[in-house]
Each structure stands twice: as C-alpha cells, then as structure tokens.
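As a plain string of letters, each chain reads:
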Amino acid sequence: MNAEAGKIVLFTMQIAALSTVLILPLGIATAWLLTRPGWRGKALVETCAMLPLFLPPVATGLILLALFGRRGPLGAWLERAFGIEFVFTWRAVVLACAVMSFPLLVRAAQSAFQEVNPRLEHIARTLGASDPERVLPGCGCETGGPSTTTEHQATHPAAAPR
C-alpha cells in the first residue's frame, strides 16, 4: 500500500470512529426508549430514527445539504454563531456517516435491550437502581446507593456469592 492509500484508510478509520462516538449516547438512549412498552409518540420516534435506512442515500444527502449548507437553517446558524462551516469538509463526512449509521446502531442496541429478562430489571428496580443504572450498571449515575455489584457486596456481605 502506498502512502496516499494509507492516508485514505487512516482518514476513513478516524471518520468512522468519530461518527460512532458521536451517535453512541443518543443511539443507545433511543434504542432503550423504543424497547419500553407503548408510549405516546413511539411510532414517530422509531420512524424518524429509521428513516435514513429507507430513504435513498442521495435524498438523505440532499436533506443534509439543505439543513447544513450555508443557506440552510442549521448551517447558517453554526457559521454565524461558531464560525463552523460544514459543506465539503471533514465535518460533513462525519455527519453523513453518523446519520447513515444511526439506525443501524439503534436496531442493534434495541435487539440487545429486548433480550434482557424483564425480571432482572424488576429486581434491579426493587434494589433501588435508577433507569440509567439498570441499563448501564456502574455508570456513575447512582441514586445514593451502590452502583456496582462489587460495591453492593462490600456494603451488604450477605449479597456476596458463596
């Protein structure tokens, strides 16, 4: 592989990593929300999250260009407020990758959340775990109680495995 091809591969890996990091929190939260039983607006949220999978890529690109171009509502605001330009930059590539991969992340995480035994969630709730703690144990979002199994076992010796 020559130096030019190496630069292209490195650029692609950096873009993929950055776009993944950017969509991870919202994608996981969206997937978790979509696995909760019926709530008002669920179909709309799911439709919006999955839309990039069903729209032709050209249409998705044109929508992003209309929104983030210099004359678009978000592009004009970002340029005016922060001096950030999107069109034909690496930022546009990250945004396009993030938009196109978001539904894939949501679907994968949604499948994982659906496999969690509801009984385990109920047990965690009765032990005082908040919603974020039940999804991501040890995330540092504790409600005053222990946030990890080890801490719980340390403060409640009877809970330690025998």
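Report follows, based on the coordinates. Keep in mind it's a predicted model, so treat the numbers as computed, not measured.

**A word on the environment of A31**
Turning to its location among the elements, A31 is positioned in helix 1 (residues 3-35). Residue A31 is classed as buried on the basis of its relative accessible area of 0%. Spatially, the C-alpha atoms of A31 and S111 are 8.4 Å apart, while their sequence positions differ by 80 residues. In contact with A31, other than residues within four places in its own chain, are V106, A109, Q110 and F113.

**Topic: the packing of aromatic side chains**
Aromatic ring pairs are reported here in terms of the distance separating the ring centres and the angle at which the planes meet. Counted by the stated rule, this structure contains 2 aromatic pairs. Arranged with centres 5.0 Å apart and planes meeting at 50°, the rings of F68 and F86 form a pair that is tilted. Within this pair, whereas F68 is found in helix 3 (residues 57-68), its partner F86 is found in the loop between helix 4 (73-82) and helix 5 (90-114), the two being separated by 18 residues in sequence. For F68, a relative accessible area of 16% corresponds to the buried category. Since its relative accessible area comes to 14%, F86 is described here as buried. With a centroid separation of 5.3 Å and an interplanar angle of 85°, the aromatic rings of W77 and F82 are classed as edge-to-face.

Definitions and limits used
Residues numbered from 1 in each chain as written. Predicted model: local features only at pLDDT ≥ 70, side-chain atom pairs only at ≥ 80, totals over all residues. Heavy atoms only, no water. Helix = DSSP H or I, 4+ residues; strand = E, 2+ residues; numbered from the N terminus. Buried < 20%, exposed > 50% of the residue type's maximum accessible area, 1.4 Å probe, protein only. Contact = heavy atoms within 4.5 Å. Phe/Tyr/Trp six-rings, centres within 6.5 Å; stacked < 30°, edge-to-face > 60°.

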